[in-house]
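Summary of structural features
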2 protein chains.
Amino acid sequence: MAKDRKIDAVILGLLSHEDLTGYEIKKRIDGAIGFFWKGSFGNIYPALNDMEKQGLVEKSGGDKSSGREKFFYHITKKGSDALNDWIADEHAVNELKYETLLKIYFGGAADSSVSVRNIEVFEEQARQNLSILNVFKENLEKVLDTGDHLHYYLTVTFGIETYEAYLRWCDKAKKILSK
Amino acid sequence: MAKDRKIDAVILGLLSHEDLTGYEIKKRIDGAIGFFWKGSFGNIYPALNDMEKQGLVEKSGGDKSSGREKFFYHITKKGSDALNDWIADEHAVNELKYETLLKIYFGGAADSSVSVRNIEVFEEQARQNLSILNVFKENLEKVLDTGDHLHYYLTVTFGIETYEAYLRWCDKAKKILSK
DNA sequence: AATTAGATATATCTAATTGATATATCTATA
DNA sequence: TATAGATATATCAATTAGATATATCTAATT
């Protein structure tokens, strides 16, 4: 089943813009792309090691003389080619994993106030995420024509469109349950 | 970290309606709840074994005399209590894992036709899922007042609302990219 | 100046999930 | 009768998730 490791592509994508340490890669993943993809030290560091062996990235630094031990990773031509192949490959795994929906689905036996409460918690999360994404969107719109942020902008508008849909559903669902 | 195994709750939820075999549990997960949760034999069978040891479910059958070896699982009082505790617990992990968005996010270096193609593939998936959910919805609306299908109906409307949002985003994103 | 809290940084470990594979039986159809 | 496809249990390797261990750097507090 080997070579289904998506974290490799994420790392290569991030390194295609700038050299980064493992720690910085984690921060990037938690940031802009965190709402549609996750990463952890537990898969980032092993992936960096493997990809170095495969010649997809190059490791540098680590000289303790200049302060803290720190390794920067740089994408190679081979890594860049692998990244482009992955982007151009039409196959993509898209999946939702929503525990809230499970609780709604199985919530029929319990009192409906329990489901309403679960929806309210979900609604609050969606509202917060939406307001963060709206800030991103406003900032991006200021620089859209100058820089290279169009694709980032598209993922942000995706998030906004879906969180708005969630909030509409929350309203309707709460009304249905309170009847 | 133990006891974070969500598949347990899914199985208990399914068993709260009827006794099932592991194979049937897999089919149920692939069906109605498949668009917001996944399961595999690789976690269903081990979970059933563990839960039997914990007294959350009871195993019966397996007598090869009456045809194929087949084990039915039945939820216990303890299992039913565990299910209710989980439903009433406000904490829920909700996460998107959308490889298409990764490809869009990192697609800035490639030709924009590549991103358009990725969006088209995504759009086709969304369109198909939406039409399936609309069939579910129509069938459910016929029996909504009679049976116990309200909570199922709510998860279906969630899916419809979000897939419609995806399609709106696809339209907008393609327009932006073709400019 | 010394202490401390929090961020930076690498790395590993366990548990859980995913997806494939192995094995075998039943059922409908060609 | 053969065989393809569905039913059924079970396990394995690869990947992911989340926590933890260790240590250094930095800025604020005492």
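Residues numbered from 1 in each chain as written. Chains lettered and ligands numbered in written order. Predicted model: local features only at pLDDT ≥ 70, side-chain atom pairs only at ≥ 80, totals over all residues. Heavy atoms only, no water.

1. Focus on the domain arrangement of chain A
Frequently, the measure chosen for interface size is the accessible area removed from exposure when the parts meet. Residue and element names in this part refer to chain A. Once the domains are mapped, chain A shows domain 1 (6–88) and domain 2 (99–178). Each of domain 1 and domain 2 has a C-alpha centre, and the two are 30 Å apart. Between domain 1 and domain 2, roughly 390 Å² of surface is buried when both sides are summed, and carbon and sulfur atoms account for 78% of that area. Looking only at domain 1, the three residues that lose the most surface to domain 2 are Ala32, Phe35 and Phe36, adding up to 88% of its buried area. Here domain 1 is connected to domain 2 by 0 salt bridges. Here the residues of the side of domain 1 that touches domain 2 are counted per class, giving 3 nonpolar, 1 polar and no charged. (Domains from an automatic or database assignment. Buried area = accessible area lost by both parts, 1.4 Å probe. Salt bridge = Lys/Arg side-chain N within 4 Å of Asp/Glu carboxyl O. Nonpolar A, V, L, I, M, F, W, Y, C, P; charged D, E, K, R; others polar.)

2. Considering the protein's contact with DNA strand D
Near DNA strand D there are 27 residues, and of these Arg5(A), Arg68(A), Arg68(B), Lys70(B) and Phe71(B) occur at the shortest range. At 3.3 Å from a phosphate oxygen of DNA strand D is found a main-chain nitrogen or oxygen belonging to Gly22(B). Those elements that provide at least two residues to the surface near DNA strand D are α1 (6–15) and α3 (41–53) of chain A together with α2 (22–30), α3 (41–53) and β3 (94–98) of chain B. Taken together, the residues of the surface near DNA strand D break down into 8 nonpolar, 7 polar and 12 charged. (Near = heavy atom within 4 Å. Polar contact = N/O pair within 3.5 Å; in protein donor to acceptor, adjacent residues only side chain to side chain. Helix = DSSP H or I, 4+ residues; strand = E, 2+ residues; numbered from the N terminus.)

3. Describing the packing of helix α2 (residues 22–30) of chain A against α3(A)
Residues and elements named next belong to chain A. Running from N to C, α2 and α3 point in directions that differ by 130 degrees, and their axes come no closer than 10 Å. Comparing the axis directions of α2 and α3 gives the class oblique. Here α2 runs over α3; the crossing is right-handed. Listed contacts from α3 to Gly22, Tyr23, Ile25, Lys26 and Ile29 of α2 are Phe41, Ile44, Tyr45 and Leu48. Residues belonging to the contact of α2 with α3 are distributed by class as follows: 7 nonpolar, 1 polar and 1 charged. (Axes fitted to C-alpha atoms, helices over the stretch in contact; angles between N-to-C directions. Parallel < 35°, antiparallel > 145°, perpendicular 65-115°, else oblique. Left-handed = near helix turned anticlockwise from the far one by under 90°. Contact = heavy atoms within 4.5 Å.)

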